[in-house]
Amino acid sequence: MNRKALAILMRTRMRPTDPNKLSMSPNRIQSSFESNLFGEHGTPSPKNLDCSSNPERGLKFVQETLHSAITLSKTDIIDEVLNDFSQGYFNLSHENRRELLLVLSREYDVSRVQLRELIKQYLSLDIPSSEKAQSSDHDVQALLSAFYRMERNLRHAFQPKYEILFERLNTHPGGLKFLTILRNDLLSMLQEENSAPLRALDSYLKEKLVTWLSPAALELHQITWDDPASLLEKIVAYEAVHPISNLIDLKRRLGVGRRCFGYLHPAIPGEPLIFIEVALLKDIAQTIQEVLWDNPPTPESQATCALFYSISSTQPGLAGINLGKFLIKRVVDLVKRDMPHVSTFATLSPIPGYMQWLLAKLASQRKLAEADTVDEPHPEGTSSSTFSENILQPEEETEILDSSSGYNSGRNGMDVMWNLLTSTNYGWTSSPKLMSALQPPLLRLCARYLLLEKKRGKALDAVANFHLQNGAMVERLNWMADRSEKGICQSGGIMVNYVYRLDKIELNAQSYLSEGRIQASCDLQRYVEKQR
């Protein structure tokens, strides 16, 4: 084993299994990041080191450095203050970080007293007519000057004080990375308490990050085996869709017939913010097995399809910032430029919310059927039939009941289907008879889930929503495309191909974003038409 492989192996073993645990809980990777980040840019104040032994004193010190980082104007000591604040923040406990963020959101928000007073003054000014505004009369020009000054003051008053902290950290070495960790903590807090000041703080920081991480500020980098081990081990650690099993697997994904591209930012060197894995194939793949374990790969000269089979973000604090949209478009342009014979751009994507949705549907319908059986009373003017629907078609129910004899019991097809899909060992996947019976309803209901089930007018499934808003269309459902435990648990093993037709990307994206219209192939439309 060469040195690079050994380094990747050792570092990967030290990685946490869940990248989302980077900020709110202490672990090796964050400690390593903190020491590397601040060790080069100044030694933390000794007071910082009291955070663990004396939490109250540590929190007070960090609050003081927070106030200094926002209010001080002396540029020669700002870097030292920001170092103290950042290092002190990392040393705080989960609860003290929460307390600090609450202070930041409430005490350094917009000054509404000042804003209200400025608005009163602004409304008290007499607006000159359009004709007078064009004149050079001294009094009119003085009045206009008063308007401009007041409007400038209003713009300043509308900006929260924590904007100063964000701006200073963004230009501070390691500050952008720190802000992504701080936002991840904010998102975790919002799951526990959805307060207005915290929402405002998160929204403002998100807007800043969107600006700072614009495509113009990002570098598209093709990741290869020749890259430093420190970068490659991040690919192993953050691969979120199809885990990289070993070094041979990693080398295969970076080798012949495969590509891996990532967006890097100069302020976070050596660590892609997001990366995408591409397989060069003759046709659109129907199973993840043929992508990950295809040996030998398709000769690149014969490839006509670039298949995106995994896209992963390395920064949980950038949730909601769609870097993937720009990444896919850049990769399409790059592949098309370097390989003109590649004409098809598609994905082989998971359907992470399908099984959760389906089991919820089955549970509610089984409950309604049970209520009918025992004649439970219903609210006046309603009945269980008002809310009931036929999850299974008659021929599907018959097939499931016939095939499940000796495997499972239930009063009806929905009962049997529920029992099979919720079994802990997924035994139905090892029975050709049961798989054959479940395939038609699971595919039909999956088409319904992707094309008809909406949330606020957009696709309920998060991955579907991502690709559809980027201009893709839903092309094909693939049965038993992912036989891993994760694939069976999330979607019954079903995966979906989204296709990016280059001449229709913008049109598809526009119709989806404005009208919620989902473009789909004729085969999938037929599934939906049957259900209607």
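From a predicted model like this one, the values you see are computed outputs, not experimental measurements.

Enquirer: Help me out: how do you make sense of the overall build of the protein in this one?
Expert: A tally of helices and strands in the protein yields 24 helices and nine strands. Taking all 532 residues of the protein together, 48% fall into the buried category. Of the contacts made within the protein by residues no fewer than 6 positions apart, 73% connect residues no fewer than 24 positions apart. Carbon and sulfur atoms provide 51% of the accessible area of the protein, an area that totals close to 26,800 Å².

Enquirer: Just checking my understanding: could you explain a nonpolar patch on the surface for this structure?
Expert: The grouping of I119, L123 and F158 at the surface amounts to a nonpolar patch, some 320 Å² of accessible area in total. Within the fold, I119 resides in helix α6 (residues 112–124). Since its relative accessible area comes to 35%, I119 is described here as partly exposed.

Enquirer: Help me out: how do you make sense of the pattern of salt bridges in this one?
Expert: Between side chains of opposite charge, a pair can form as their charged atoms come close. Overall, the coordinates contain 22 salt bridges when judged by the stated rule. Note that K208 and E163 form a salt bridge whose closest N and O atoms lie 2.9 Å from each other. Taken together, the positions of K208 in helix α11 (residues 196–212) and E163 in helix α9 (residues 162–170) put the pair 45 residues apart, joining distant regions of the chain. Between D249 and R252 there is a salt bridge whose closest N-O contact spans 3.6 Å. You can see D249 and its partner R252 sitting in helix α13 (residues 247–253), three residues apart, about one turn around the helix.

Enquirer: Please explain the packing of α6 against helix α8 (residues 138–157) as it appears in this structure.
Expert: Any two packed helices are characterised by the angle at which their axes cross and by the distance between the axes. At a closest axis distance of 10 Å, the pairing of α6 and α8 adopts a crossing angle of 160°. Judged on the interaxial angle alone, α8 and α6 are roughly antiparallel. Every pair of crossing elements has a handedness; the one defined by α6 and α8 is left-handed. Here α6 contributes L115, L118, I119, Q121 and Y122 to the contact with α8, which in turn contributes F147, M150, E151, N153, L154 and A157. Across the contact of α6 with α8, the residue classes tally to eight nonpolar, two polar and one charged.

Enquirer: I tried to follow unusual backbone geometry on my own but got confused; where do I start?
Expert: Trans is the prevailing form of peptide bonds, just as negative phi is the prevailing case for residues other than glycine. Here the phi dihedral of Y426 falls at roughly 50°; this positive angle occurs in a residue that is not glycine. Tracing the sequence through the fold places Y426 in the loop between α19 (413–421) and α20 (432–451). Taking the relative accessible area as the measure of exposure, Y426 reaches 17% and is therefore buried. The backbone of R456 shows a phi angle near 55°, a positive value even though the residue is not glycine. Relative to the helices and strands, R456 is located in the loop between β6 (454–455) and β7 (458–459). Accessibility expressed as a relative area gives 79% for R456, which makes it exposed.

Enquirer: Help me understand helix α21 (residues 462–469), please; the structure alone is not making it clear to me.
Expert: In an α-helix there are 3.6 residues to a turn, and that puts residues three or four apart on one side. Residues of α21 that are buried include every one of A464, F466, H467 and L468, and no others. The opening residue of α21, the one whose side-chain oxygen lies 3.2 Å from the backbone nitrogen of V463, is D461. Following α21 by one or two positions, G471 adopts a phi angle in the positive range, close to 105°.

Enquirer: Looking at this structure, how should I read the packing of aromatic side chains?
Expert: Two measures describe an aromatic ring pair: the distance that separates the ring centres and the angle between the ring planes. The final tally for this structure, using the stated rule, is 13 aromatic pairs. An angle of 80° between the planes, with centres 5.8 Å apart, marks the rings of F85 and F178 as edge-to-face. Taken as a pair, F85 in helix α4 (residues 75–91) and F178 in helix α10 (residues 175–192) lie far apart in primary sequence, 93 residues in all. Of the two residues, F85 and F178, neither departs from the other in class, the shared state being buried. Between W357 and Y449, the ring centres sit 5.4 Å apart and the planes meet at 40°, which makes this aromatic pair tilted. Taken as a pair, W357 in helix α16 (residues 354–374) and Y449 in helix α20 lie far apart in primary sequence, 92 residues in all.

Enquirer: Quick question: what am I supposed to make of the nonpolar core here?
Expert: Nonpolar side chains in soluble globular proteins tend to end up buried together. Core analysis: the biggest nonpolar cluster contains 112 residues, and W428 and L450 have the highest contact counts within it. In terms of residue count, the dominant contributor to this core is α20 (12 residues).

Enquirer: How do you make sense of the pairing of strand β9 (residues 495–499) when you look at a structure like this?
Expert: Side-chain positions along a regular strand alternate between the two faces of the sheet. Burial analysis of β9 places five of its five residues in the buried class, the great majority of the element. Because side chains alternate across β9, one face comprises the buried residues M495, N497 and V499, and the other comprises V496 and Y498, equally buried. Across five bridges, strand β8 (residues 473–478) lies against β9 in antiparallel orientation. Each residue of the ladder has a partner; that of M473, found in β9, is V499.

Enquirer: Which parts of the structure should I look at to understand the packing of α4 against α10?
Expert: In contact at an axis separation of 12 Å, α4 and α10 are set at 40° when each is read in the N-to-C sense. For the element pair α4 / α10, the angle class is oblique. Seen from above, α4 lies across α10 with left-handed handedness. Facing α4, whose interface residues are F85, S86, Y89 and F90, α10 presents F178, I181, L182 and D185. Looking at the contact of α4 with α10, its residues break down into six nonpolar, one polar and one charged.

Enquirer: Help me understand α20 in this model?
Expert: Taking 1.5 Å of rise per residue, 20 residues should cover 28 Å, and α20 covers 28 Å from first to last C-alpha, within 8% of that figure. Summarising burial for α20: 15 of the 20 residues are buried, a large majority.

Enquirer: Can you walk me through the confidence of the model for the protein in this structure?
Expert: Fine structural detail should not be taken from predicted coordinates in areas where pLDDT scores are low. Averaged over the protein, the pLDDT score is 87; the fraction of residues at 70 or greater is 84%. Contacts for the low-pLDDT stretch residues 16–36, under 50 throughout, to residues beyond four places or in other chains number 34 contacts. Below pLDDT 50 for its whole length, residues 38–49 participates in 19 contacts with residues either more than four positions away or in separate chains.

Enquirer: Please explain the side chain of N497 as it appears in this structure.
Expert: For N497, the location among the structural elements is in strand β9. In this structure the side chain of N497 is engaged in a polar contact, spanning 2.9 Å, whose partner is the side chain of N478. Once you skip the residues sitting within four places of it in the chain, N497 turns out to touch I284, A285, L307, T347, L348, M473, V474, E475, R476 and N478.

Enquirer: Please explain the environment of P269 as it appears in this structure.
Expert: Locating P269 in the fold gives a position in the loop between β2 (258–264) and β3 (274–281). Separated by 92 residues in the primary sequence, P269 and K177 have C-alpha atoms spaced 10.0 Å apart.

Reading guide: rules and limits
- Residues numbered from 1 in each chain as written.
- Predicted model: local features only at pLDDT ≥ 70, side-chain atom pairs only at ≥ 80, totals over all residues.
- Heavy atoms only, no water.
- Helix = DSSP H or I, 4+ residues; strand = E, 2+ residues; numbered from the N terminus.
- Buried < 20%, exposed > 50% of the residue type's maximum accessible area, 1.4 Å probe, protein only.
- Contact = heavy atoms within 4.5 Å.
- Areas by Shrake-Rupley, 256 points an atom, 1.4 Å probe, with all protein chains shown as cover.
- Patch = residues over 30% accessible without salt bridge, like charges linked within 9 Å, V, L, I, M, F, W, Y side chains within 5 Å.
- Salt bridge = Lys/Arg side-chain N within 4 Å of Asp/Glu carboxyl O.
- Axes fitted to C-alpha atoms, helices over the stretch in contact; angles between N-to-C directions.
- Parallel < 35°, antiparallel > 145°, perpendicular 65-115°, else oblique.
- Left-handed = near helix turned anticlockwise from the far one by under 90°.
- Nonpolar A, V, L, I, M, F, W, Y, C, P; charged D, E, K, R; others polar.
- Polar contact = N/O pair within 3.5 Å; in protein donor to acceptor, adjacent residues only side chain to side chain.
- Phe/Tyr/Trp six-rings, centres within 6.5 Å; stacked < 30°, edge-to-face > 60°.
- Core = buried A, V, L, I, M, F, W, Y, C linked by side-chain atoms within 4.5 Å.
- Pairing = 2+ DSSP bridges.
- Expected span 1.5 Å × (residues − 1).
- pLDDT = per-residue confidence, 0-100.

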